[in-house]
Amino acid sequence: MPLILATQVRAGMIVNFENELCRVISVEHQTPGNLPARVQVKMKRLKDGINRENRFGSSDKVDKASLEQHMLEFLYEDGSNLVFMNNETYEQLEVSKEILGEDMVFLEPNMQVEIEFYEGQPMGATLPPSVVLEIVETDPVMKNANATGSYKPAKLDNGITVGVPPYMEAGQKIRVNTVDRTFMERVK
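These lines cover the structure that appears in this document, whether it is placed above or below. What you see is a predicted model, and the numbers here were worked out from it, not measured in a lab. (Residues numbered from 1 in each chain as written. Predicted model: local features only at pLDDT ≥ 70, side-chain atom pairs only at ≥ 80, totals over all residues. Heavy atoms only, no water.)

## Observations concerning the overall build of the protein
Cut-off, in case you're wondering: We count a stretch as a helix when DSSP gives it H or I for four or more residues in a row; a strand needs E for two or more, and each element gets its number in order from the N terminus. It is over C-alpha atoms that the radius of gyration is taken, and the globule rule equals 2.2 Å times the number of residues to the power 0.38. Three exposure classes are used, based on accessible area relative to the maximum for each residue type with a 1.4 Å probe and protein chains only: buried under 20%, partly exposed in between, and exposed over 50%. Note on definitions: a residue-residue contact is assigned when non-hydrogen atoms from the two residues lie within 4.5 Å. Every accessible area reported is derived by Shrake-Rupley at a probe size of 1.4 Å, with residue values counting cover from the shown protein chains alone. None of His or the chain ends enter the tally, which takes Lys and Arg as positive and Asp and Glu as negative. Here the site of a charge means atom NZ of a Lys, CZ of an Arg, CG of an Asp or CD of a Glu.
When you go through the protein residue by residue, the secondary structure sums to zero helices and 16 strands. On C-alpha atoms alone, the protein measures out to a radius of gyration of 20 Å, which is more than a quarter above the 16 Å that the 2.2 N^0.38 rule sets for 188 residues. A principal-axis box enclosing the C-alpha atoms of the protein has dimensions of 60 × 55 × 25 Å. A total of 188 residues make up the protein; the buried ones form 35% of that total. Excluding contacts between residues fewer than 6 apart, the proportion of contacts in the protein whose partners are at least 24 apart in sequence is 45%. A total of about 11,300 Å² of accessible surface is found on the protein, and carbon and sulfur atoms cover 47% of it. Counting 20 positive and 28 negative side-chain charges, the protein places the averaged centre of each group 8 Å from the other.

Given below as structure tokens:
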């Protein structure tokens, strides 16, 4: 497995920490006064979801897990699993819903999802960076509303609520960032 410097660790990476695969949640570079620089890393153990934290020296080496990535097409839900298809081999694959976690709300049939595998086992999934959703419920349009200023809450057709500009109304389609669940733009 490739060893990288602790300063090269990024959120989203999967590392082998104490012989257990962990997904990096956050990385904070610290330079405390006259002490040597260090990297504070928060991780989630993949096998059971337990959070871990570790402080590495800036010259410490971290074991980055070698993952295979495959773009798969989401077909349907089957109990506690999701069924994907490899568009090159037409092979179907079942993946546990836990791999997507809270991002399940964005999953739509025929969506292309990048699934990461470690030694043949699915470990993680990356959705497209944005999706188009419809506003199903929001406050009425305010007179003289413009794009600046505060946002108002809008419930979307997948059940989540995001802040939208005050001139938006129910029935309109918007693009939503799947990473931080924020409004990006109106879609015509």
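Now that the structure has been shown, we can carry on.
## Considerations on the nonpolar core
Condition: Nonpolar cores were defined as sets of buried Ala, Val, Leu, Ile, Met, Phe, Trp, Tyr and Cys residues, with membership established by side-chain atoms within 4.5 Å.
Of all hydrophobic cores here, the largest spans 27 residues; its most connected members are Phe84, Leu107, Val113, Leu156, Val164 and Ile174. Residue assignment for this core shows that the elements contributing at least two residues are strand S7 (68-78), strand S8 (81-86), strand S10 (112-118), strand S12 (130-138), strand S13 (152-156), strand S14 (161-164) and strand S15 (173-177). In this structure Leu107 touches Phe74, Leu82, Leu100, Val113 and Leu127, once residues within four positions along its chain are discounted.

## Examining the side chain of Gln40
Put simply, the rule reads: Counted as a polar contact is a pair of N or O atoms within 3.5 Å, where, for protein atoms, one must be capable of donating a hydrogen and the other of accepting one, and residues adjacent in sequence contribute only when both atoms are in side chains.
Tracing the chain through its elements places Gln40 in strand S4 (residues 38-45). At a separation of 2.7 Å, a polar atom in the side chain of Gln40 contacts the side chain of Glu53. There is a polar contact of 3.0 Å between the side chain of Gln40 and the side chain of Arg55. Contacts of Gln40, omitting those with residues within four sequence positions, involve Ser26, Val27, Glu28, Gln30, Glu53, Asn54 and Arg55.

## Some words on the sheet that holds S8
What counts here: Whether two strands pair depends on DSSP finding at least two bridges between them. To get an axis, fit a line to the C-alpha atoms, keeping to the stretch in contact for a helix; angles then go from 0 to 180 degrees between the N-to-C directions.
Read from one edge of the open sheet, five strands run S9-S8-S7-S10-S11, paired in antiparallel fashion. Both edges of this open sheet fall to strand S9 (92-96) and strand S11 (121-126), since each of them pairs with a single strand only. Taking each pair of neighbouring strands and ignoring which way they run, the sheet shows an average axis angle of 45°.

## Some thoughts on the pairing of S7
Across six bridges, S7 lies against S10 in antiparallel orientation. Bridging from a neighbouring strand, Leu72 pairs with Val113 of S10. Pairing of S7 with S8, which is carried by six bridges, proceeds in the antiparallel orientation. What sits directly across from Tyr76, in S8, is Val83. The hairpin formed by S7 and S8 contains two residues between the paired strands, and Gly79 there has a positive phi angle of roughly 65°.

## Here we look at the sheet that holds strand S5 (residues 51-57)
Taken in spatial order, the six strands line up as S1-S6-S2-S3-S4-S5 in an open sheet, and their pairing is antiparallel. Each edge of the sheet is formed by a strand with only one pairing partner; in this case those strands are strand S1 (3-5) and S5. Between one strand axis and the next, the sheet turns by 50° as a mean value, whatever way the strands run. Sheet topology places strand S3 (residues 20-30) next to S4; eight bridges connect them, and they run antiparallel. Among the inter-strand pairings, Cys22 is bridged to a residue of S4, identified as Arg45.

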